[in-house]
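Observations on the model geometry
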Amino acid sequence: MATPEITVRGAGIFGLSIAWACHRRGAPVQIVDPHGPGAGSSGGIVGALAPHVPENWNPKKAFQLDSLLMAERFWAEVEATGGVSPGYGRLGRLQPIADDRGLQLAVQRCDSAADLWQGRAIWEVRPAAEFGEWHPPSATGMVIHDTLSARIHPRQACAALVAALRAGGVEVVPDAPDLGLVMHATGYQGLLEMNAEATRSVGNGVKGQAALLQFDAGQVPQLYADGLHIIPHADGTLAIGSTSERDFTHPADTDSQLEEVIARARRAVPQLEGAAILSRWAGVRPRARTRAPMLGEWPGRRGHFIANGGFKIGFGMAPRIADVMADLLLEGRDAIPAGFRVSDNL
Ligand SMILES: Cc1cc2nc3c(=O)[nH]c(=O)nc-3n(C[C@H](O)[C@H](O)[C@H](O)COP(=O)(O)OP(=O)(O)OC[C@H]3O[C@@H](n4cnc5c(N)ncnc54)[C@H](O)[C@@H]3O)c2cc1C
């Protein structure tokens, strides 16, 4: 079978990663986005690549584990090719343990993680004091430490993919006619367009607001405390996120809900008190009806494919999704896991 040409519509993390995977396998690729790369929810600042809880295993968790484990190599190749850092670092994560029940559960999960994560990452319960000054206050004095979580800088990761693709002669253009197979990775706008054609809701947007602080924590684990991701980036900044808003009028505006998130983060990690706020950002996550990614051929539109529904873990899922979609587009090989199909959402 001759390698088909690929047109990718949408230059967020899904579109760029799929374009990269297809390009690396030798396919001619063009990327079309009228708003430019990283213009949607992928142009943000948080970047927690964090695992699901290691229990009640299912295809979604297994797929995400594969993706998190392959991320290091994926991003190293992107950086080596284009010369732009995505800010990737697998530095783990700390979570406080609030009470005895939480402690009991966390200890049980040490065993399930050893089994489910196949010894490739650790989930352990440790005294918070072992992590020096950098840990969230914990009522039990204990924290969950996992070595699977990584951080990335989303906006820089998009720039790194653009640079890597450009090194191979692939540019993101604002407009171009379809050539060959067409990959629609158009984020929440794409979900809204599908809703207009469907008999029931395919998905919707969930707005999130986040803040970037001037705070150089060094090469330390990210924190997850009081429902917030606190991500020390490689460049001496630190991100805090996020709100989760199903009802919103202004997709890109920040408001008092973000100020509350910042205040909560400062209560959870008192060192952040006084750190200057560099920027406030809002984006709209694409949430498919099933909450899982929606991948595959577009029913009734031969030669057209969909990759959408990254919701809150789009960056964590992107390396594996890129692989699976390149398999499908270039080789006709369908390795999409149960529950991730376009048809599950239509
Ligand atoms: C505040 C916040 C915090 C987040 N934190 C994390 C996190 O910590 N970890 C994580 O993994 N994920 C996180 N996410 C989720 C992650 O950002 C998303 O899952 C991901 O960005 C989705 O990528 P995407 O490429 O599908 O969509 P998008 O990034 O939205 O890209 C879609 C692109 O399609 C383009 N487009 C739209 N219509 C068309 C068209 N007709 N033709 C061509 N192009 C079109 C748009 O311009 C846009 O560039 C967060 C999101 C938010 C908002």
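Residues numbered from 1 in each chain as written. Predicted model: local features only at pLDDT ≥ 70, side-chain atom pairs only at ≥ 80, totals over all residues. Heavy atoms only, no water.

The strand order across the open sheet formed by 8 strands is 5-6-4-11-12-13-10-14, and the pairing between neighbours is mixed. Looking at the sheet topology across the chains shown, the edges are occupied by strand 5 (123-127) and strand 14 (277-288). Sheet twist, expressed as the mean angle between neighbouring strand axes with direction ignored, is 25°. Of the pairings in the sheet, the one linking strand 4 (residues 93-96) to strand 6 (residues 142-146) comprises 4 bridges and is antiparallel in character. (Pairing = 2+ DSSP bridges. Helix = DSSP H or I, 4+ residues; strand = E, 2+ residues; numbered from the N terminus. Axes fitted to C-alpha atoms, helices over the stretch in contact; angles between N-to-C directions.)

As a further point, take the side chain of Arg-109. If you trace the backbone, Arg-109 turns up in helix 3 (residues 100-116). Among the polar contacts made by the side chain of Arg-109, one reaches the side chain of Glu-55 at a distance of 2.8 Å. (Polar contact = N/O pair within 3.5 Å; in protein donor to acceptor, adjacent residues only side chain to side chain.)

Moving on, we get to helix 5 (residues 187-197). Buried within helix 5 are the following residues: Tyr-188, Gly-190, Leu-191 and Met-194. All buried residues of helix 5 fall inside an arc of 150° around its axis, so they share one side. For helix 5, the exposed residues lying more than 90 degrees away from the buried face are Glu-193 and Ala-196. For helix 5, the elements touching its buried residues are strand 10 (203-214), strand 14, strand 15 (294-297) and strand 16 (304-308). (Buried < 20%, exposed > 50% of the residue type's maximum accessible area, 1.4 Å probe, protein only. Arc of directions from axis to C-beta. Contact = heavy atoms within 4.5 Å.)

A few words on the site of the ligand. Around the ligand, a shell composed of 33 residues is seen, among which Asp-33, Ser-41, Ser-42, Ala-48 and Phe-311 lie nearest. Here an oxygen atom of the ligand sits 3.2 Å away from a polar atom, N or O, in the main chain of Ile-13. One nitrogen or oxygen atom from the main chain of Gly-316 is found 3.2 Å from an oxygen atom belonging to the ligand. Taken together, the elements giving at least two residues each to the shell around the ligand come down to helix 1 (13-24), helix 5, strand 14 and helix 7 (314-331). (Near = heavy atom within 4 Å.)

With that out of the way, let us pick up the domain arrangement of the protein chain. Each assigned domain of the protein chain is listed here: domain 1 (6-85 + 152-202 + 289-345), domain 2 (93-147) and domain 3 (206-283). Inter-centroid distance (C-alpha atoms) of domain 1 to domain 3 is 25 Å. Counting residues at the interface gives 17 residues for domain 1 and 16 residues for domain 3. In total, domain 1 and domain 3 occlude about 1,100 Å² of area from one another, counting both sides; carbon and sulfur atoms represent 69% of this. Counting across the interface, domain 1 meets domain 3 through 0 salt bridges. Run the count over domain 1 and domain 3 and you get 4 residue pairs in polar contact (both at pLDDT 80 or more). Listed by contribution, the elements that provide at least two residues to the side of domain 1 that touches domain 3 are strand 3 (48-49) and helix 4 (154-167). (Domains from an automatic or database assignment. Buried area = accessible area lost by both parts, 1.4 Å probe. Salt bridge = Lys/Arg side-chain N within 4 Å of Asp/Glu carboxyl O.)

Apart from glycine, the bulk of residues carry a negative phi angle, and the bulk of peptide bonds sit in the trans form. The peptide bond linking Gly-241 to Ser-242 adopts the cis configuration, its omega dihedral lying at 0°. Here Ser-242 lies in the loop between strand 13 (237-241) and helix 6 (256-268). Even without a glycine there, the phi angle at Asn-56 is positive, about 45°. Counting through the fold element by element, Asn-56 comes out in the loop between strand 3 and helix 2 (59-82). The exposed category is assigned to Asn-56, whose relative accessible area is 62%. Within the chain, Phe-311 stands out as a residue other than glycine whose phi angle is a positive 45°. Note on placement: Phe-311 falls in the loop between strand 16 and helix 7. Classification of Phe-311 by relative accessible area gives buried; the value is 12%.

Reading across from one edge, 8-2-1-9-16-15 is the order of the 6 strands in this open sheet, with mixed pairing throughout. Two strands in the sheet have a free side with no partner beyond their single neighbour: strand 8 (172-173) and strand 15. The pairing of strand 15 with strand 16 spans 4 bridges and is classified as antiparallel. Across the sheet, the residue bridging to Leu-295 is Ala-307, located in strand 16.

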